[in-house]
Amino acid sequence: MTRCIFDAFKIESLQPPYDTGIARIYYPAQYSGSANEQDTGLIPADESLAPYPVLILFHGMNTDSAGYRWLAEALAPLGIVTVTYQLVSEATYGSRAVTPGIDLEALTPEKFGTTPSAQAAQPILEMLERLNSDSLLAGKLDLTRLAFGGHSAGGTLALLNANQEWFPSLRAVFTYGAHTGVSTALGWPEETLLPFPPNLPLLLMGGEQDGCIAHSAHHYGDATPSATARIEQTFEKAVPQNDGKNTLLLLNDANHFAICTPADETCGRGYIDTPTTSHRARESIGQAICTLLKGFLCEDREAQHAYRELDNANLAHISKLVSK
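Please read these numbers as outputs of a predicted model, since none were measured by experiment.

Draft legend 1. Here's a closer look at the overall build of the protein chain. Each helix and strand in the protein chain was counted, giving eight helices and eleven strands. A compact globule built from 324 residues would reach a C-alpha radius of gyration of about 20 Å, and the protein chain, at 19 Å, matches this within 12%. Taking the contacts inside the protein chain whose residues are at least 6 apart along the sequence as the reference set, 71% of them involve residues at least 24 apart. Distance between charge centroids for the protein chain: 2 Å, based on 21 positive and 36 negative side chains.

Printed below as a string of structure tokens:
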């Protein structure tokens, strides 16, 4: 079964009370029915799959990380631990929001590339080191095998922080509904695309019905709203050749929140998204992510081959699949 433990981390650069993140760490568990398990709710880790590589999943703006639990439950049987989190921060328009933790100064032309813009990444890794010493998961985490994943703004963080000089254990990256375009408000010229580094395998995904990206195009200087143009341009212009390990996957019946289940209409900007009726797109998203991470995070050669052959995997609703 998949279980989770809860923990917290501090971001020293932020001011209290907005300097504390709450994390859920999902892991593969082995229930024995012991009296202690029944009394405490603490289920031991499945020793047969340990040590576990780790995925840090950066969520979208004002998006409840519970919407990605289905993915953590799909990855746990592969022996992969998934970390999701919530961080409340001061946001624009005088409001507070759930954010993935974005250091906007680190994304300016003067600072980009000198320091991570993902404020939560290093504190989460430090939290995991502590849990690997003293917790239900002590000795079970392989922190030398790390992946970044992300959705929307969190996906952009995953892309722009995929730097092995900052995070030497990083093995793979995936995103959904994200690109490397940066806002002109940060001082960048219109239509700027920041680069993704060489060597790291990348799965870049999007939906043809992504209303959120289409309605946000003006922030990047795009004259014509499009659901996928920025994602495609990122793959074509900002992502290097990598022996077929970098893949663009677009789904024709998926919107911006296709990766989130259940849909949460109480927060976020789902009201500008395009309604869809298909649930099979999420199955394809999950299958592609599991194949990528089983291959390059779990070091499974058969899965690496399967990842390069995704076009033969009977994924539903594919509109475009390109590798390089």
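Draft legend 2. The arrangement of the sheet that holds strand β1 (residues 2-10) in detail. The strand order across the open sheet built from nine strands is β1-β2-β4-β3-β7-β8-β9-β10-β11, with neighbouring strands paired in mixed fashion. Two strands in the sheet have a free side with no partner beyond their single neighbour: β1 and β11 (318-323). Strand-to-strand twist across the sheet, computed as the mean angle between neighbouring axes with direction ignored, equals 20°. Bridge count between strand β8 (residues 170-176) and strand β9 (residues 202-207): four bridges; the pairing is parallel. Bridging from a neighbouring strand, phenylalanine 174 pairs with leucine 203 of β9.

Draft legend 3. Structural detail: the packing of aromatic side chains. Tallied over the entire structure, the rule returns six aromatic pairs. Taking the centre distance of 5.9 Å and the plane angle of 75° together, the rings of phenylalanine 9 and tyrosine 85 count as edge-to-face. Of the two residues, phenylalanine 9 sits in strand β1 while tyrosine 85 sits in strand β4 (residues 81-86), which places them 76 residues apart along the sequence. Each member of the pair phenylalanine 9 and tyrosine 85 is classed as buried. Taken together through their ring pairs, the aromatic side chains of Phe9, Phe58, Tyr85, Phe148 and Phe167 make up a single cluster. Stacked on the ring of tryptophan 70, the Lys or Arg arginine 282 has its end atom at 4.6 Å from the ring centre. The ring of phenylalanine 235 is capped by lysine 324, whose NZ or CZ atom sits 4.8 Å from the centre of that ring.

Draft legend 4. Examining the state of the cysteines more closely. Taken as a whole and judged by the stated rule, the model has zero disulfides. Free cysteine: cysteine 212, not disulfide-bonded; nearest cysteine sulfur from cysteine 260 at 10.0 Å. What makes cysteine 212 buried here is its relative accessible area of 5%. For cysteine 298, which is in no disulfide, the shortest distance to another cysteine sulfur is to cysteine 290 and amounts to 9.6 Å. For cysteine 298, a relative accessible area of 22% puts it in the partly exposed group.

Draft legend 5. Quick look at the nonpolar core. Membership of the largest hydrophobic core comes to 48 residues, with the highest contact counts inside it found for Ile25, Val83, Ile124, Met127, Leu128, Phe148 and Val173. Sort the elements by how many residues they give to this core and helix α3 (residues 121-131) lands first, with six residues. For valine 173, the contacting residues outside a window of four places in its chain are Phe148, Ala158, Ala162, Phe196, Leu200, Pro201, Leu202, Leu203 and Leu292. Counting 31 residues, the second-largest nonpolar core is a separate cluster that includes Ala147, Ile285, Ile289 and Leu315.

Draft legend 6. Geometry of the pairing of strand β7 (residues 141-151). Buried residues dominate β7, accounting for nine of its eleven residues. One ladder, built from six bridges, connects strand β3 (residues 52-58) with β7; its direction is parallel. For tyrosine 52, the partnering residue across the bridge sits in β7 and is leucine 141. Looking at chain direction, β7 and β8 are connected through six bridges and run parallel. Each bridged residue has a counterpart across the sheet, and for alanine 147 the counterpart in β8 is alanine 172.

Draft legend 7. Region of the structure containing unusual backbone geometry. With an omega dihedral of 5°, the bond running from proline 16 to proline 17 counts as a cis peptide bond. Residue position: proline 17 is located in the loop between β1 and β2 (20-28). Although it is not a glycine, asparagine 62 adopts a positive phi angle of roughly 50°. With respect to the helices, strands and loops of the structure, asparagine 62 is situated in the loop between β3 and α2 (69-75). The phi angle at serine 152 is positive, at roughly 60°, despite the residue not being glycine. By secondary structure assignment, the location of serine 152 is in the loop between β7 and α4 (153-160).

Cut-offs applied
- Residues numbered from 1 in each chain as written.
- Predicted model: local features only at pLDDT ≥ 70, side-chain atom pairs only at ≥ 80, totals over all residues.
- Heavy atoms only, no water.
- Helix = DSSP H or I, 4+ residues; strand = E, 2+ residues; numbered from the N terminus.
- Rg over C-alpha atoms; globule rule 2.2 N^0.38 Å.
- Contact = heavy atoms within 4.5 Å.
- Lys, Arg positive; Asp, Glu negative; His and termini not counted.
- Charge placed at Lys NZ, Arg CZ, Asp CG, Glu CD.
- Pairing = 2+ DSSP bridges.
- Axes fitted to C-alpha atoms, helices over the stretch in contact; angles between N-to-C directions.
- Phe/Tyr/Trp six-rings, centres within 6.5 Å; stacked < 30°, edge-to-face > 60°.
- Buried < 20%, exposed > 50% of the residue type's maximum accessible area, 1.4 Å probe, protein only.
- Lys NZ or Arg CZ within 6 Å of the ring centre and 35° of its normal.
- Disulfide = S-S within 2.5 Å.
- Core = buried A, V, L, I, M, F, W, Y, C linked by side-chain atoms within 4.5 Å.

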